[in-house]
Amino acid sequence: MLKKGILAAMLVLLFAGVAAQKREVMLDKVVAVVGGSSILYSEVDEYARQLVEQRRQEGYTSDRDPMNEALEALLTQKLLYNQAQIDSVAINDGDIMSRVEEQVQQMVDMEGSIPALEAKHHMPIFNIREIMRQRYEEQAYAQAMQSEVVNKVTVIPGEVERFYKSISKDSLPTIADQYVYAQITKFPKSMTAAKQRTRERLLDMRERVITGAAKFENLARMYSQDGTAMRGGEMDPSPLASLDPAFAAALENLKPGQISEVVESQFGFHIIQMLDKRGQLYHFRHILLRPVYTSEELGESLNLLDSIADLIHKDSITFEKAALKYSDDASSKMNGGVVSNHDILERFNAFDAKLTVTKFLKEDFGRFKSLDDYNALRRLKPGEVSDAYLTEDMLGNQMGKIVKLVEVIPTHTASLNEDYLRLEEMALQDKQNRVFKEWLSKKIDAMYVYIIPEFRNGEFENKRWVK
């Protein structure tokens, strides 16, 4: 993750984009041009307001004028966008449309109706949608271009050590409390029955589409548990290699217009509608459902886990042996139930033994691990075991869980021995910042940039903007 200064260009809010269109004409003068993109005064003004509000919410201050900071952020975003066009950087168009539709729906819900939304912004909804699409697209291209630059950057152990030694003792980062914990998880015994119910729901939907009683895309919008639901389940054309193997095998055998039987993948259960094939790219829609359990079925898992916890409390069995014997989590049960980020690395095909961590900060819960886990752990003392509670795995599957707080590593100053991975992340971030700044300076020199005179006197972090 890059520092706030560099990421600022990625933080333009879409509501601000729509609001900017409402500014008076006298405010909407062009204040800067980068490549083929212009920046309006109203964009800078609105973005500056958002920066001030962000600072207020996060409790930090800056010596920079918000208008100057906003202008430089927008200059950076426009340059990244234009360079992405030059380099033919690819983005996911379908994801953009999905985000636009989701945002528009939220705005409609907030105002109560489409006419109310149109009245508020003094424009028809298709204009609002198009403005948001353009801004999401620009943001996506800018992010993709920045990723092209920084994702190639790596650090070696020697660089991490030099980075650590370059920091004065008074400036060494402080590592907050970290939690080491173990878990025992149980999916409901009725998983087979729940899966069958899910299959039957999808078979019913398939039959309704085939008989003409319903449209596939309408059912996807109403019932699919996938992020493509807002787009009627439609995915961007994709190669088979990028898809779940079972899903890809079913898709490969479909003809345009044909609907698959129910397919089980690592994500749940699907029916797939083939749209067309373009070379090696398959264009399709799908509906995703995951098994849903009754309260009685979920209660059975909790009762079983509470019984296991009771045995542990009575010293009839150790937590480690109970994890090995009863837990449904394959990645932790062989290690006494101790939780790591193994599942995350494996899920995103980034598994590397040296990246596996078993110590989690409070902010890691909700990002890498369930907030339910943290809420259970914060009530425990080291060595204690929680009561059973309901939660979900990273794919959204419901399950029961008990956890044991193994250790709380107190707040301390970072050291190479104890916190190497976090220092490695910081060293990488520092190197990415430097590489990006060098790249940006070269591109500013090579690209057309014009800033109107009254904005040239502002404090720019990169002095090359003013030519």
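Residues numbered from 1 in each chain as written. Predicted model: local features only at pLDDT ≥ 70, side-chain atom pairs only at ≥ 80, totals over all residues. Heavy atoms only, no water.

## What to know about the overall build of the chain
Right, on to step 1. A tally of regular secondary structure across the chain gives 18 helices and 12 strands.
Right, on to step 2. Each principal axis of the C-alpha distribution contributes one length, and for the chain these read about 80 × 70 × 45 Å.
Right, on to step 3. In the chain, buried positions account for 46% of the 467 residues.
Right, on to step 4. Sequence separation of 24 or more characterises 67% of the internal contacts of the chain that already satisfy a separation of 6 or more.
Right, on to step 5. Total accessible area on the chain is roughly 24600 Å²; 51% of this is exposed by carbon and sulfur atoms.
Right, on to step 6. A gap of 2 Å separates the mean positions of the 60 positive and 70 negative side-chain charges of the chain. (Helix = DSSP H or I, 4+ residues; strand = E, 2+ residues; numbered from the N terminus. Buried < 20%, exposed > 50% of the residue type's maximum accessible area, 1.4 Å probe, protein only. Contact = heavy atoms within 4.5 Å. Areas by Shrake-Rupley, 256 points an atom, 1.4 Å probe, with all protein chains shown as cover. Lys, Arg positive; Asp, Glu negative; His and termini not counted. Charge placed at Lys NZ, Arg CZ, Asp CG, Glu CD.)

## Some words on the UniProt feature "domain: PpiC" (unreviewed entry) in the chain
Right, on to step 1. The UniProt record marks residues 184–276 with the feature "domain: PpiC" (unreviewed entry), using the residue numbering of this structure.
Right, on to step 2. Taken as a whole, residues 184–276 contains 39% helix and 16% strand, while its terminal C-alpha atoms sit 45 Å from one another. (UniProt positions renumbered as here; feature names shortened; annotations may be inferred.)

## Some remarks on the sheet that holds strand 1 (residues 30–34)
Each strand in a sheet pairs with another by means of backbone hydrogen bonds, the pair being arranged parallel or else antiparallel.
Right, on to step 1. The strand order across the open sheet formed by 3 strands is 2-1-12, and the pairing between neighbours is antiparallel. This sheet does not close on itself; its edge strands, each paired only once, are strand 2 (37–40) and strand 12 (449–451). Within the sheet, the average angular offset between the axes of one strand and its neighbour, ignoring direction, is 20 degrees.
Right, on to step 2. Packing of helix 4 (residues 66–86) onto the sheet brings it into contact with strand 1, strand 2 and strand 12, and relative to strand 2 it is tilted by some 160 degrees. (Pairing = 2+ DSSP bridges. Axes fitted to C-alpha atoms, helices over the stretch in contact; angles between N-to-C directions.)

## Observations concerning the packing of helix 8 (residues 157–166) against helix 17 (residues 420–446)
Packed helix pairs are characterised by how far apart their axes lie and by the angle those axes make with each other.
Right, on to step 1. Packing of helix 8 against helix 17 leaves a shortest axis separation of 9 Å and a crossing angle of 90 degrees. One way to sum up the angle between helix 8 and helix 17 is to call them roughly perpendicular. Along the contact surface, helix 8 presents P157, E159, V160, F163 and Y164, while helix 17 presents Y420, L423, E424, M426, A427, D430 and K431. (Parallel < 35°, antiparallel > 145°, perpendicular 65-115°, else oblique.)

## With respect to the sheet that holds strand 7 (residues 281–289)
Right, on to step 1. Reading across from one edge, 5-6-7 is the order of the 3 strands in this open sheet, with antiparallel pairing throughout. Pairing within the sheet leaves two strands with one partner each, and these edge strands are strand 5 (263–265) and strand 7. Direction aside, the axes of adjacent strands within the sheet are offset by 45 degrees on average.
Right, on to step 2. Sheet topology places strand 6 (residues 268–278) next to strand 7; 9 bridges connect them, and they run antiparallel. If you follow I271 over to strand 7, its bridge partner there is I287.
Right, on to step 3. In this fold helix 10 (residues 216–223) packs onto strand 6 and strand 7, with an angle of close to 50 degrees to the strand it touches most, strand 7.

## Points about the pattern of salt bridges
Right, on to step 1. For the structure on display, the rule yields 27 salt bridges.
Right, on to step 2. Here E161 and K165 are joined by a salt bridge, their closest N and O atoms 3.1 Å apart. Taken together, the residues span about one helical turn, with E161 and K165 both in helix 8 at a distance of 4 residues.
Right, on to step 3. A salt bridge links R285 to E217; its shortest N-O distance comes to 3.8 Å. Of this pair, R285 sits in strand 7 while E217 sits in helix 10, and the two are 68 residues apart along the sequence.
Right, on to step 4. Residue classification places E217 among the partly exposed positions, given a relative accessible area of 21%. (Salt bridge = Lys/Arg side-chain N within 4 Å of Asp/Glu carboxyl O.)

## Quick notes on the nonpolar core
Right, on to step 1. One finds L71, L75, I451 and W465 to be the most contacted residues of the largest nonpolar core, which totals 50 residues.
Right, on to step 2. Residue assignment for this core shows that the elements contributing at least two residues are strand 1, helix 3 (41–58), helix 4, helix 5 (93–111), helix 7 (125–150), helix 17 and strand 12.
Right, on to step 3. The biggest single contributor to this core is helix 7, with 12 residues.
Right, on to step 4. What L71 contacts, discounting residues up to four positions off in sequence, is V31, A32, I39, V44, I451, F455 and F460.
Right, on to step 5. Core analysis: the second largest hydrophobic core is formed by 17 residues, L302, I312, F319 and A322 among them. (Core = buried A, V, L, I, M, F, W, Y, C linked by side-chain atoms within 4.5 Å.)

## Considering the packing of aromatic side chains
Right, on to step 1. Applying the stated rule across the entire model yields 10 aromatic pairs.
Right, on to step 2. Geometrically, the ring pair formed by Y179 and Y374 is edge-to-face, given 5.8 Å between the ring centres and 90 degrees between the ring planes. Of this pair, Y179 sits in strand 4 (residues 178–186) while Y374 is found in helix 16 (residues 371–377), placing the two residues 195 residues apart along the sequence.
Right, on to step 3. Considering the side-chain rings of F436 and W439, the 5.8 Å spacing of their centres and the 25 degrees angle between planes classify their relative orientation as stacked. Of this pair, F436 and W439 both sit in helix 17, 3 residues apart, which is roughly one turn of that helix.
Right, on to step 4. For F436, a relative accessible area of 2% puts it in the buried group.
Right, on to step 5. Judged by relative accessible area, which is 16%, W439 ranks as buried. (Phe/Tyr/Trp six-rings, centres within 6.5 Å; stacked < 30°, edge-to-face > 60°.)

## Looking at the pairing of strand 10 (residues 398–409)
On a regular strand, one side chain projects to one face of the sheet and the next to the other, so that they alternate.
Right, on to step 1. Relative to strand 10, strand 4 is paired through 9 bridges, and the arrangement is antiparallel. Bridging across to strand 10, T185 finds its partner in K401.
Right, on to step 2. Connecting strand 9 (residues 389–392) to the antiparallel partner strand 10 that follows it, the hairpin turn spans 5 residues, and G396 within it adopts a positive phi of roughly 90 degrees.

## Some words on the environment of G336
Right, on to step 1. Following the sequence through the fold, G336 ends up in the loop between helix 14 (330–333) and helix 15 (342–347).
Right, on to step 2. By relative accessible area, which is 13% here, G336 ends up buried.
Right, on to step 3. A C-alpha to C-alpha distance of 9.2 Å links G336 and I184, two positions 152 residues apart in sequence.
Right, on to step 4. In this view, G336 contacts A182, F319, E320 and A323; residues no more than four positions away in its chain are not counted.

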